[in-house]
Each structure stands twice: as structure tokens, then as C-alpha cells.
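Per-entry structural report
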Amino acid sequence: MSPEKLLKDPIIVFFKEKAKEFNLKIFVVGGIPRDLFLGKDCFKDYDFVLFSDPLQIAKEFKRNFNSKIAYYTSFKTVEISFEDKSIDISMARKEKYPYPGSLPEVFKTDDIVEDLSRRDFTINSIAIEIFPEFGKIYDPFNGIEDIKNKRIRVLKEGSFYEDPTRAFRGIRYKNRFDFEYSENTLEEFENCKKSIKNLKFSRIKKELEIISEEEKRDKMWREIKERNLLYFFDEKLKLKEDKIEELSNSLPLEKKSWICFFYLFLNKDSEIIKFFSSFEKKVINEIEK
């Protein structure tokens, strides 16, 4: 994989030039490095890390492109919506979880390896420096080797216990790329069950929305059921196997489809119904007709 491919992308070039102008050390991490090593089209979801507050460079992007920004002060993170692309810019940080399943407390760091160590899987813990040393690759957890071996591997023991949403992401990556779980990742699914009840349902809902946009979403939903990841919210959930193929093939790959997918598990008296908006309940009723 040649990092020079990054210079063909106008968004990468923009951040490289602005980082030089403001003398900011900046990296692209997560999905883009992973997909470059997979040989896949990767310029849709951007994840940048720098050693300072990201708001300044985000405002520069907004000035130059017709985009919207959302700034999360407590996490020192900016989300940019631009055309069909998603751009996250965050301050390099380390994290501490007050209790399993909670949102983390964040602390600034000037060590890119320390920032990478807080991530979910080794394949997402690769960074490519954009400025000043363009193209330098950081792979402290051997994510490139795991990509070659088609392996989903957590960075540490207790990863899913600490943040159970990682279980849903693991299922997504495993089925999207046709990878296999490492032994320590398989063990984490059991750890996840010890803390998943601590999660706010809105965080799981977000993962379900993302899964609804995946081409292999039917496989992902089956695995969620097989691993009983929603059982902890409602013991009555049962998969409507006869409907999954029909819905998977007929629905558009967009976030609102998650409601229809969730219908595959819902009963009229399901406890999870209380987490749905009136609009979402209406969609489910329409499907049932």
C-alpha cells in the first residue's frame, strides 16, 4: 500500500495544507488506513487526530466547503457533514471508563500510540501521519498483519466489558469483510454480557442504524440474535426468520431502515417499544399491515 494514494483525495490534501499552515501534527486513523491496506475504496469516512483542539481546523474546512460542523466540548471532537461524507476530527486522547458501559472520561495526550491504544480492534488502530512527516505509518498493535490474516482482534482483555458497543462493531466488521474472530475476541462476547445492561439504549440504537446501511446486514442481524446481544433488554425478542430475506433485499441501505430490521425482533408487547419515538412506532405498524 502506497500512502501517496492519499494525495489524490482533495479532503486529505486540504487538511495537509492547513496543518502545515497552522503547524499542527495531524494523522488519519481508523477506516481509511484499514481500507487502504484492504485495497478498498476508502474516501468516505474520515477520522483525523491532532495534538490540539480540532475546532480551529474544522472552522477552516467549513469556510472553504459547504458543510456543517458539530463540536463536542467534553470529548474535544468535531463532526463534519459534507456531501455524502463523514469527517471526524479529534484531539489525541486517552480514556478512562468510570464504570463498564459508561461514556469515557477523556484526557489529552501527545502520544499517537496512546491514542491508538484506546480503540476497538487492531485493524482500526493504524495511523498514517499527514503532517509533518507525510506517509509515516504507525501500527503498534499489528493491525496490518491482522488485515492480511483476515482477523478481528481486540486490543486488550475486557474490551467488550469496558464498552459493549464494540461487540456490535465487531459483528459488523467480521461480516462486512468476511473475517474471522481471534480467540481473545470470541471470549469478549461473554465479557460483554456482564455490562451491556449499563448501556443507554440510544448507544445501541446508533450501532443498529449503522448496521442497517450495510450490504450484509442480514448476516449481522442473525449473529446479533445468535449471540443474544439484545436479550438483556427484552427476554421476549425472537427473530422472524421468514421475514429477514424479504426485508434485507427490499429496503434501501439507509439509516431509517434500522426500524424495519428491528421489527424482525419485536413483539407487540416488547419492552423495547418504550425506547421508540412515535414515528418509529408508526413505521413498525405500517410494516405489520
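The rules behind these values
- The numbering scheme is per chain: residues are counted from 1 as the chain's sequence reads.
- Only residues with pLDDT of at least 70 are given local features in this predicted model, and only at 80 or more are side-chain atom pairs given and counted; all residues enter the totals for whole chains, interfaces and linings.
- As a convention, hydrogens and water are excluded, and side-chain values are obtained from all of the structure's heavy atoms.
- Per the convention used, a helix needs a DSSP run of H or I reaching at least four residues, while a strand needs a run of E reaching at least two, with both numbered from the N terminus.
- Whenever a nitrogen or oxygen atom comes within 3.5 Å of another N or O atom, the pair is scored as a polar contact, on the condition that within protein one atom can donate a hydrogen and the other can accept it, and that pairs from neighbouring residues in sequence are kept only if both atoms are in side chains.
- By definition in these notes, contact holds between two residues if any of their heavy atoms fall within 4.5 Å.
- Among buried residues, the Ala, Val, Leu, Ile, Met, Phe, Trp, Tyr and Cys ones that are joined through side-chain atoms within 4.5 Å form a nonpolar core.
- Three labels apply to residues, based on accessible area from a 1.4 Å probe with only protein chains included: buried if under 20% of the type maximum, exposed if over 50%, partly exposed otherwise in between.
- Ring geometry is summarised as follows: Phe, Tyr and Trp rings, the Trp one being its six-membered ring, pair when their centres sit within 6.5 Å, and such pairs are stacked at plane angles under 30 degrees, edge-to-face over 60 and tilted between the two.
- Criterion used throughout: strands pair if DSSP finds at least two bridges between them.
- Axes, fitted as lines to C-alpha atoms, cover a helix only where it is in contact. Angles between the N-to-C directions of the axes lie from 0 to 180 degrees.

1. Points about the side chain of Arg93
Relative to the helices and strands, Arg93 resides in strand 6 (residues 93-96). Reaching out from Arg93, the side chain makes a polar contact with the backbone oxygen of Phe75 at a distance of 3.5 Å. Not counting residues up to four positions away in its chain, the partners in contact with Arg93 are Phe75, Thr77, Val106, Phe107, Lys108, Thr109, Glu114, Asp115 and Arg118.

2. A look at the nonpolar core
In terms of nonpolar packing, the biggest core is built from 31 residues, with Phe168, Ile204 and Ile224 touching the most fellow members. The set of elements that each furnish at least two residues to this core consists of helix 5 (143-148), helix 7 (165-177), helix 8 (183-192), helix 9 (201-211) and helix 10 (217-226). Here the element with the most residues in this core is helix 7; it accounts for 5 residues. Core analysis: the next-biggest nonpolar cluster, separate from the first, contains 27 residues, Cys42, Phe48, Phe82 and Phe131 among them.

3. Quick word on the packing of aromatic side chains
This model, assessed by the stated rule, comprises 17 aromatic pairs. Judged by centre distance (5.5 Å) and plane angle (55°), the ring pair of Phe27 and Phe51 falls under tilted. Of this pair, Phe27 sits in strand 1 (residues 26-29) while Phe51 sits in the loop between strand 2 (45-50) and helix 3 (55-64), and the two are 24 residues apart along the sequence. With respect to class, Phe27 is no different from Phe51; both count as buried. Between Phe177 and Phe179, the aromatic rings sit 5.5 Å apart at their centres with planes inclined by 45°, giving tilted as the arrangement.

4. Topic: the environment of Ser90
Tracing the backbone shows Ser90 in strand 5 (residues 85-91). On the basis of relative accessibility, which here comes to 4%, the residue Ser90 falls in the buried class. Sequence separation between Ser90 and Glu79 is 11 residues; the distance between their C-alpha atoms is 8.7 Å. When sequence neighbours within four positions are dropped, the list of residues in contact with Ser90 reads Asp47, Phe48, Val49, Leu50, Pro54, Lys76, Thr77 and Arg118.

5. Observations concerning the sheet that holds strand 4 (residues 77-82)
Taken in spatial order, the 7 strands make up an open sheet running 3-4-5-2-1-8-9, and their pairing is mixed. Lying at the two open borders of the sheet, with one neighbouring strand each, are strand 3 (68-72) and strand 9 (137-138). Strand direction decides the pairing type here: strand 1 and strand 8 (residues 127-131), joined by 4 bridges, are antiparallel. Residue pairing across strands places Ile26 opposite Phe131, the latter belonging to strand 8. Running over the sheet, helix 2 (residues 31-38) touches strand 1, strand 2, strand 8 and strand 9 and is turned about 55° from strand 1.

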